[in-house]
Amino acid sequence: MMDCKSGYSIYNPKAKRKVKINPLEDLYPELPKKKYDVIYADPPWDYGGKMQYDRSSIKSENVGFKRDIFISAANFKYPTLSLNDLQKLDIASISADNCILFMWTTGPQLNNSIKLGISWGFEYKTVAFVWDKQVHNPGRYTLSQTEFVLVFKKGKFPENRGARNIRQLISIHRGKHSEKPIDVIDGISKMFPKQTKIELFARKNYIGWDNWGLEIPDSKIKIFSNDEQNTLL
């Protein structure tokens, strides 16, 4: 019987028990009744319950699956959403006529990210940030070590522009699962210091930003980049 088992036959029951469920009756909380010049989003991408590639799931390498199979997925940490569900979010209702959208994504979700930005009424422009996490995850092709922030534009570039020297590459050691480096939102704040700004799918509550999501703390905190934090210590 053990020879007939696959990695997925062991993974799937364990994974199902760990999946986080959206606590709301509706798919989303209500969006603000306001227009924004800058939108910063970290969509909870769904990976279809796929097992993260790891050699512990290969029958010939983990004979009899005597070693535990590597169990890790985004939906163990927070409720994920399909592209179809994300496209239902009415971002057009909160985006100004001239608006910039910054969107987090991963390599497997690049195509979906561009589809999502377009469905929200934006045009894809470029990669705004590349995050070198300084540690890697297992990958089927190469070891996965980076995430990306894509930038989209609706209408014209919001005026007045702030800083023009924000670096694209950020090399910061990965922290908690899905936690993003503060340097990105800090850089966006410096580029657009006077514009109205909102963070979607937020987990922190930054001064100078409105936010929307399932896990937003009540207290506001100030944005400091890692460099500024080190200077203050």
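Residues numbered from 1 in each chain as written. Predicted model: local features only at pLDDT ≥ 70, side-chain atom pairs only at ≥ 80, totals over all residues. Heavy atoms only, no water.

Right, let's get into the overall build of the protein. A tally of regular secondary structure across the protein gives five helices and seven strands. Moving toward the C terminus, one meets the helices and strands of the protein in the order α-β-α-β-α-β-β-β-α-β-β-α. Counting every position in the protein, which comprises 233 residues, the buried fraction comes to 40%. Within the protein, counting contacts between residues at least 6 apart in sequence, those at least 24 apart form 74% of the total. In the structure as shown, the protein presents an accessible area of about 13600 Å², 51% of it carried by carbon and sulfur atoms. (Helix = DSSP H or I, 4+ residues; strand = E, 2+ residues; numbered from the N terminus. Buried < 20%, exposed > 50% of the residue type's maximum accessible area, 1.4 Å probe, protein only. Contact = heavy atoms within 4.5 Å. Areas by Shrake-Rupley, 256 points an atom, 1.4 Å probe, with all protein chains shown as cover.)

Here the focus is the sheet that holds strand β2 (residues 95-105). Taken together, seven strands build an open sheet; the order of strands is β5-β3-β4-β2-β1-β6-β7 and the sheet is mixed. Edge positions in the sheet fall to β5 (169-171) and β7 (210-212), since each of these pairs with one other strand and no more. Ignoring strand direction, the axes of neighbouring strands in this sheet form an average angle of 15°. Note that β2 and strand β4 (residues 144-154) share seven bridges and pair antiparallel. Residue pairing across strands places L101 opposite F152, the latter belonging to β4. (Pairing = 2+ DSSP bridges. Axes fitted to C-alpha atoms, helices over the stretch in contact; angles between N-to-C directions.)

Applying the stated rule across the entire model yields nine salt bridges. Its salt-bridge partner being D85, residue K88 comes within 3.3 Å of it at the nearest N-O pair. For K88, a relative accessible area of 53% puts it in the exposed group. Linking E123 and K125 is a salt bridge whose minimum nitrogen-to-oxygen distance equals 3.9 Å. Overall, K125 belongs to the partly exposed group, its relative accessible area being 42%. Put simply, D42, K133, E147 and K180 are held in one network by salt bridges that share partners. (Salt bridge = Lys/Arg side-chain N within 4 Å of Asp/Glu carboxyl O.)

This brings us to helix α3 (residues 110-119). Burial in α3 covers these residues: S113, L116 and G117. Buried residues of α3, seen end-on, are gathered within an arc of 95° and therefore sit on one face of the element. Elements that come into contact with the buried residues of α3 comprise α2 (83-86), β2 and β4. (Arc of directions from axis to C-beta.)

So, about the nonpolar core. Core analysis: the biggest nonpolar cluster contains 26 residues, and I39, W120 and L200 have the highest contact counts within it. For this core, the secondary structure elements donating two or more residues are β1 (36-41), α2, β2, β4 and β6 (197-200). For L200, the residues in contact, after removing those within four places along its chain, are I39, Y40, A41, D42, I91, I94 and W212. If you look at the next biggest cluster of nonpolar residues, it comprises 21 residues, including F102, W104, F129 and V151. (Core = buried A, V, L, I, M, F, W, Y, C linked by side-chain atoms within 4.5 Å.)

In the structure shown here, the tally under the stated rule is six aromatic pairs. For the ring pair F157 and F192, a centre distance of 5.5 Å and an interplane angle of 35° mean the geometry is tilted. Of this pair, F157 sits in the loop between β4 and β5 while F192 is found in the loop between α4 (182-191) and β6, placing the two residues 35 residues apart along the sequence. Classification of F192 as buried rests on a relative accessible area of 1%. Through pairs of rings, three or more aromatic residues link up here, namely F102, F157 and F192. The ring of W131 has K133 sitting right over it, with the charged end atom 5.9 Å from the ring centre. One cation-aromatic arrangement involves K180 over W104; the distance from NZ or CZ to the ring centre is 5.3 Å. (Phe/Tyr/Trp six-rings, centres within 6.5 Å; stacked < 30°, edge-to-face > 60°. Lys NZ or Arg CZ within 6 Å of the ring centre and 35° of its normal.)

The next point concerns α4. Within α4, nine of the 10 residues are buried, which leaves it mostly tucked inside the rest of the structure. Those residues of α4 that fall on the buried side of the exposure criterion are I182, D183, V184, I185, D186, G187, I188, S189 and M191.

So, to be careful, I would describe these as geometric facts and stop short of saying anything about function.
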